[in-house]
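In case you want the letters, here they are:
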Amino acid sequence: MQEQLIKAMQRNQLVDMMYVSKTGEISKRRVKIIKMMGDKFQAFCFTKQAKRTFTVDNVLATVPVAHKEGWVV
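Engineer: In this structure, what is going on with the pairing of strand β3 (residues 40-45)? I would like to understand it.
Structural biologist: Across a regular strand the side chains alternate sides, sitting on one face of the sheet and then on the other. Strand direction decides the pairing type here: strand β2 (residues 26-37) and β3, joined by 6 bridges, are antiparallel. Paired with V31 across the bridge in β3 is C45. Where β2 folds back on β3, the antiparallel hairpin that results is connected by 2 residues, among which G38 adopts a positive phi of roughly 70°. Bridging between β3 and strand β4 (residues 50-55) involves 6 bridges; their strand directions are antiparallel. Of the residues in β4, the one forming a bridge with Q42 is T53.

Engineer: Mind showing me how you'd approach the packing of aromatic side chains here?
Structural biologist: Remark: the centre distance and the inter-plane angle together describe each pair of aromatic rings, the angle taken between the planes. Across all of its chains, the model carries 3 aromatic pairs by this definition. On the basis of an interplanar angle of 75° and a centroid distance of 4.9 Å, the ring pair of F44 and F46 is categorised as edge-to-face. Residue F46 is classed as partly exposed on the basis of its relative accessible area, which comes to 33%. Members of the aromatic cluster, joined through ring pairs, are Y19, F41 and F54.

Engineer: What is the right way to look at the sheet that holds β4 in this model?
Structural biologist: The strands that make up a sheet are held in pairs by hydrogen bonds between backbone atoms, and each pair lies either parallel or antiparallel. Overall, antiparallel pairing links the 5 strands, which are arranged β4-β3-β2-β1-β5 in an open sheet. The two strands at the open ends of the sheet, each matched to only one other strand, are β4 and β5 (59-64). In this sheet, adjacent strand axes meet at a mean angle of 45° when their direction is disregarded. Where helix α1 (residues 2-10) meets the sheet, its contacts fall on β1 (14-20), β2, β3 and β5, and the angle it forms with β2 comes to roughly 70°.

Rules of the game
- Residues numbered from 1 in each chain as written.
- Predicted model: local features only at pLDDT ≥ 70, side-chain atom pairs only at ≥ 80, totals over all residues.
- Heavy atoms only, no water.
- Pairing = 2+ DSSP bridges.
- Helix = DSSP H or I, 4+ residues; strand = E, 2+ residues; numbered from the N terminus.
- Phe/Tyr/Trp six-rings, centres within 6.5 Å; stacked < 30°, edge-to-face > 60°.
- Buried < 20%, exposed > 50% of the residue type's maximum accessible area, 1.4 Å probe, protein only.
- Axes fitted to C-alpha atoms, helices over the stretch in contact; angles between N-to-C directions.
- Contact = heavy atoms within 4.5 Å.

In structure tokens:
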């Protein structure tokens, strides 16, 4: 999972992710990754409209956001 997040950050790409919080709540977030910090990463969360810090191990799935129709993911 960490490699996918690093690639998205390097490509300056938005990512839709499924994330489980410390309390066990699952949410879908659209984020732009700002920086990786070991087992955590900082991203701008469009759902919360703020910078957030996420734990890599709590990311359940990621999907790159397509910007144009016909764009191959």
